Amino acid sequence: MTTSAINIKKTPPVLRGRFPYLGYALELQRNPIDFLQRGQEQFGEIFSFLLAGSNVTFLTGYKANEAFFRAADDQFSQKEAYQFTVPIFGKGIAYDTTPDRMSEQLGFIFPALREERMQAYAGFMATEAQAYFDTWGESGEVDLLAAMNELTVFIASRCLIGHEFRQHLSTEFASLYHDLEGGINLLAFFQPYLPLPSFRRRDKARTRMVELISQIIANRRAKGNEGEDFLQALMNARYADGTTLSEDNITGLLLTLLFAGQHTSAVLAAWTGILLLQHPQYLPAIMAEQQAVFGNGKTFSLERLRQLVILERSIKEAERLRPPLIMLMRKILRDFEYNGYHVKAGGLAMVSPAVSHRLPECFRFPNSYDPDRFNPERAEDRKSTYALIGFGGGRHRCIGQAFAYQQIKVIWSVLLGRFDLELVHQNYEPDYTTFVVGPRQPCLIRYKRKYKSD
Ligand code: HEM
């Protein structure tokens, strides 16, 4: 054997595309999960493919997920992979700064996620949900995703940005927000600055959004008002060198949070309900739990929401079967080894919660809806910290998971308490055309208001 033969390192098997440049881009755009699952069935936990000229190494299964999430920032970088967020979050914010600076910025948010704040949010969330569902009639049909989107914008604005912002929320804000979201798609991963109409609308919307939020900051400063919210935490925050955050920085971080948390929560709330209504045999236990926790008109509190363990399992099962973020990416900055395979720097690394969650290595009958898999006896997600990754893992794990779960618990507690609900369509399929993967619209549910027999 020659020396050069000994030095040849094994590279991951390649899933070949039919078109030399585009690779599997079209197929991936149409149904990424089918595509990635096919690769997993053929090659197992690591393979690569060409996507719009970039080499993507796909890792799946809890061991490979762990390697992905535990890689250092200077080896697997989010920054390069998430450049499409820079036109939305802004210069010098999150993925447009160093990982250390980004951690420092995210650290400003922790005071707003403390226990006493979460307690206050429980009340705000309930007030918003009750007011929102008051606007529904006696009976009718609604698009569940559209409704969840509207409601979670109200809740996020109230809890994250505060009372005045919630009051200032206008149709204009909703439409700007919609335009910002329209700038997030697979193409934006690779070419976020192409002269496309959707990217132009995104940029225009951000400029206006900065104006709106800056006005609110300025008003608060002028009046000397203090709020119990993220905005106040950011207004009070200081970088390590003592400097305060500029209004543009504050706006950018608020957009980062709104963006990270609002649509994802709406989508998970919608899937939670759709899956439950598709499997109504799980409803009686949830209703009994509701009665036990909120019977005799008890109000929402953090403590009571924590007691909703059966409802929580159904949210977790929705997270498993329909994770809102189906693909997480990193740019590979340094060569890395996994299980005897050598991957060169320069390409992208990807994990997929949607693919991983359907592997039988952790989850029994992984394609079946079975919230009881999370009960204390079975605890299938405990097999590995990297089995259930709907909120990511490692140092970049989501900071808003508790907030999201709390919010979804409130929404479904209010909905199930007030209405009898049923599905309208036969099927509710995922819509892969958007970055956060919700049910394809229209996704109608039918509601009928309940009356208490007293
Ligand atoms: C159902 C709702 C949510 C889902 C499914 C979700 C999912 C995720 C995932 C998968 C990541 C990791 C991304 C990666 O590794 O590339 C992440 C990170 C993050 N999430 Fe969430 N999230 C949700 C709600 C929220 C909320 C409500 C907030 C804020 C209040 C939030 C703030 C963040 C932030 C700031 C990060 C970046 C953390 C870092 O890189 O250090 N998320 N989220």
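The rules behind these values
Residues numbered from 1 in each chain as written. Predicted model: local features only at pLDDT ≥ 70, side-chain atom pairs only at ≥ 80, totals over all residues. Heavy atoms only, no water. Helix = DSSP H or I, 4+ residues; strand = E, 2+ residues; numbered from the N terminus. Rg over C-alpha atoms; globule rule 2.2 N^0.38 Å. Buried < 20%, exposed > 50% of the residue type's maximum accessible area, 1.4 Å probe, protein only. Contact = heavy atoms within 4.5 Å. Lys, Arg positive; Asp, Glu negative; His and termini not counted. Charge placed at Lys NZ, Arg CZ, Asp CG, Glu CD. pLDDT = per-residue confidence, 0-100. Pairing = 2+ DSSP bridges. Near = heavy atom within 4 Å. Polar contact = N/O pair within 3.5 Å; in protein donor to acceptor, adjacent residues only side chain to side chain. Core = buried A, V, L, I, M, F, W, Y, C linked by side-chain atoms within 4.5 Å. Donors = N, O, S within 2.8 Å, 3.2 Å for Na, K, Ca; no water. Axes fitted to C-alpha atoms, helices over the stretch in contact; angles between N-to-C directions. Expected span 1.5 Å × (residues − 1).

Asker: Outline the overall build of the protein chain, listing residues and values.
Answerer: On a plain count of helices and strands, the protein chain comes out with 20 helices and 11 strands. Expected size for 454 residues packed as a compact globule is a radius of gyration near 22 Å; at 23 Å, the protein chain falls within 12% of this value. C-alpha atoms of the protein chain, sized along the principal axes, occupy 85 × 55 × 40 Å. A buried classification covers 56% of the 454 residues belonging to the protein chain. Long-range pairs, those at least 24 residues apart, make up 71% of the contacts in the protein chain with a sequence separation of at least 6. Distance between charge centroids for the protein chain: 3 Å, based on 52 positive and 49 negative side chains.

Asker: Could you give me a rundown of the confidence of the model for the protein chain, with the residues and numbers involved?
Answerer: Summarising the model, the protein chain shows a mean pLDDT of 91, and 95% of its residues fall at 70 or more. Scored below 50 in pLDDT, residues 1–5 shows 1 contact in the model against residues more than four places distant or in partner chains.

Asker: Can you break down the pairing of strand 11 (residues 444–449) residue by residue, with the values?
Answerer: Covered by surrounding structure in strand 11 are I445, Y447 and R449 only, the residues L444, R446 and K448 on the alternate face being uncovered. Pairing analysis gives 5 bridges linking strand 5 (residues 139–143) to strand 11, with the strands arranged antiparallel. Looking across to strand 11, one finds that G140 is bridged to Y447. When strand 10 (residues 419–423) meets strand 11, the two strands line up antiparallel, connected through 5 bridges. Residue pairing in the sheet places F419 in a bridge with R449 of strand 11.

Asker: Go over the site of the ligand, please, and point to the residues and values.
Answerer: Of all residues adjacent to the ligand, which total 25 residues, the nearest are Y82, R330, F391, H396 and C398. Q78 is positioned with one of its side-chain polar atoms (N or O) 3.3 Å from an oxygen atom of the ligand. Take H396: an N or O atom from its side chain is 3.0 Å from an oxygen atom of the ligand. For the shell around the ligand, the secondary structure elements donating two or more residues are helix 7 (99–107), helix 15 (247–278), strand 6 (328–332) and helix 20 (401–418).

Asker: Give a description of the nonpolar core that names residues and reports values.
Answerer: Residues L36, F49, F133 and W412 are the most contacted members of the largest nonpolar core, which totals 154 residues. Ranked by the residues each element gives to this core, the list is headed by helix 15, at 17 residues. With near-sequence residues (within four places) excluded, W412 lies in contact with L144, A269, T272, G273, L311 and L421.

Asker: Would you mind going over the coordination of the iron atom of the ligand in detail, with residue names and values included?
Answerer: For the iron atom of the ligand, the sole protein-derived donor is C398 (SG), lying 2.3 Å away. With respect to the helices and strands, C398 occurs in the loop between helix 19 (353–356) and helix 20.

Asker: Describe the side chain of S214, naming the residues involved and giving the relevant values.
Answerer: Here S214 lies in helix 13 (residues 197–223). A polar contact of 2.8 Å, which involves the side chain of S214, links it to the backbone oxygen of V210. Aside from chain neighbours lying at most four places away, what touches S214 is E247 and T251.

Asker: Could you give an account of the sheet that holds strand 5, naming the residues involved and the relevant values?
Answerer: Here 3 strands make up an open sheet; going across it, the order is 5-11-10 and the pairing antiparallel. Either end of the sheet is taken by a strand with one partner, and the two such strands are strand 5 and strand 10. Going from strand to strand, the sheet's axes swing by 25 degrees on average, the running direction of each strand aside. Contacts from helix 15 reach strand 10 and strand 11, with the element oriented near 80 degrees to strand 10. Strand contacts of helix 20: strand 10 and strand 11, with the helix running at about 100 degrees to strand 10, the strand carrying the most contacts.

Asker: Any chance you could break down helix 13 for me, citing the residues and the numbers?
Answerer: A rise of 1.5 Å per residue sets the reference length of helix 13, with its 27 residues, at 39 Å; its end C-alpha atoms lie 40 Å apart and thus fit the reference within 8%. After helix 13 finishes, the residue G224 shows a positive phi value of roughly 70 degrees.

Asker: Give a description of the environment of F189 that names residues and reports values.
Answerer: Mapped onto the elements of the fold, F189 is located in helix 12 (residues 186–190). On the accessibility criterion, F189 (12% relative accessible area) is buried. Separated by 223 residues in the primary sequence, F189 and W412 place their C-alpha atoms 34 Å from one another. In this structure F189 touches A81, Y82, F84, M329 and F435, once residues within four positions along its chain are discounted.

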